[in-house]
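Structural features, examined
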Amino acid sequence: MFDSLSDKLQDAFKKLRGQARLTEKNIADSMREIRIALLEADVNLEVVKSFISKVREDCLGEDVLRSISPGQQVVKIVNDRLAELMGESDAPLNLSSKPAVIMMVGLHGSGKTTSAAKLALRLKNSKMKVMLAAGDIYRPAAIDQLEVLGNEIKVPVYTDRSTPDVAAIAAAAAEKAKFEGSDVLIIDTAGRLQIDESMVQELVRVSQASRADEILLVADSALGQEAVSVADHFHKALGLTGVILSKLDGDARGGAALSIRQVTGCPIKYIGSGEK
């Protein structure tokens, strides 16, 4: 996903590496190329402006201008600032409760159900006892899909087809997970084509009923800038604790990954690729 962006950044650096010393002009030329590369990768405009401003300021520092290899210094500055943009440290899941409750939220078709099963398998492979809960009562076959996936990875799935009250299902699932000594409960929730008030209120009730420790947004990385806006909306409504970027095997250009953390302050905890 980042190959194209990497290539364009390398092109910008090549010109600097050939310079005996840095000047305001060749720094400005490089910043222009880096700016274009980021915008073409679908990075949020405000994020690009802030990033370029910080890099330019760092590049014009005395140590860099007098350096023996100024091009290498600029490469290091851009690398350090990109690391800062993505989040410099690992952001593990909060699994201190027993069971720790993880809510998966997102738009319709973002890959929530598949991501829930993937996360369940990952935690199971880390020697944790995991339970899945089917909280999407609207999408046809959503419950069936989760049951099939749960069966494939040998993780139990809590379902209740007798009630339309998703918050009640979530509360009952949490009780069941506690009774069975599960370490983690992962609740799959319904999506919509766009964020609306009724969806948000239902998710708030599910979060309160299940006492969710983690609220993870599953965002389709192919959405680009839209993924950033979706993340911002969900975060303001629910107080997200992290993001899972799904479908990285698609034709995404990387912009969402570089923008989401900066815009929302939420760490990208996992990335997903493929169906399995």
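All of the points below concern the structure found in this document. For clarity, every value in this text was computed on a predicted model and none was experimentally measured.

Procedures and definitions
Position labels on residues start from 1 in each chain and follow its written sequence. Under the rules for a predicted model, residues below a pLDDT of 70 receive no local features and side-chain atom pairs below 80 are neither given nor counted, while totals for whole chains, interfaces and linings still include all residues. Values shown for side chains rest on all heavy atoms present in the structure; no hydrogens or waters enter the calculation. Here an angle of 0 to 180 degrees is reported between the N-to-C directions of two axes, which are lines fitted to C-alpha atoms, with helices fitted over the stretch in contact. Secondary structure is summarised from DSSP: a helix means a run of H or I of at least four residues, a strand means a run of E of at least two, and numbering begins at the N terminus for each. Small angles under 35 degrees read as roughly parallel and large ones over 145 as roughly antiparallel, with 65 to 115 read as roughly perpendicular and the rest as oblique. Put simply, a crossing is left-handed when the front helix is turned counterclockwise from the back one by less than a right angle, and right-handed when it is turned clockwise. Contacts between residues were defined by any pair of non-hydrogen atoms, one from each residue, lying within 4.5 Å. Throughout this entry, Asp, Glu, Lys and Arg are counted as charged residues, while Ala, Val, Leu, Ile, Met, Phe, Trp, Tyr, Cys and Pro are counted as nonpolar. The remaining residues, Gly among them, count as polar. By nonpolar core we mean a set of buried residues, namely Ala, Val, Leu, Ile, Met, Phe, Trp, Tyr and Cys, connected to one another through side-chain atoms within 4.5 Å. Remark: exposure states derive from per-residue accessible area (1.4 Å probe, protein chains only) relative to the maximum for the residue type, with buried under 20%, exposed over 50%, and partly exposed in between. Pairing between two strands requires that DSSP report at least two bridges joining them.

Before going further, it helps to examine the packing of helix α9 (residues 197–210) against helix α10 (residues 225–238). Two elements in contact, α9 and α10, have axes separated by 10 Å at closest approach and are oriented at 50°. In terms of orientation, α9 and α10 fall into the oblique class. Both α9 and α10 take part in a crossing whose hand is right-handed. Within the contact between the two elements, α9 uses Met 199, Val 200, Leu 203 and Val 204 and α10 uses Phe 234, Ala 237 and Leu 238. Its residues assigned to classes, the contact of α9 with α10 comprises seven nonpolar, no polar and no charged.

Counting 35 residues, the largest nonpolar core has Val 105, Leu 185, Ile 187, Leu 217, Phe 234 and Ile 260 as its most contacted members. Those residues within four positions of Leu 217 in sequence are excluded, and the remaining contacts are Val 105, Gly 106, Val 230, Ala 231, Phe 234, Leu 240, Gly 242, Val 243 and Ile 244. Listed in part, the 25 residues of the second largest apolar core include Ala 12, Ile 27, Val 78 and Leu 85.

This next bit is on the sheet that holds strand β7 (residues 268–271). With parallel pairing, the seven strands of this open sheet are ordered in space as β3-β2-β4-β1-β5-β6-β7. Each edge of the open sheet carries a strand with a single partner, namely β3 (157–158) and β7. In this structure, strand β2 (residues 130–135) lies alongside β3, joined through two bridges in parallel fashion. Bridge assignment links Ala 133 to a residue of β3, and that residue is Tyr 158. Helix-sheet contacts for α9 involve β1 (100–105), β4 (184–189) and β5 (214–220), and the interaxial angle to β1 is about 170°. Contacts from α10 reach β1 and β5, with the element oriented near 160° to β5.

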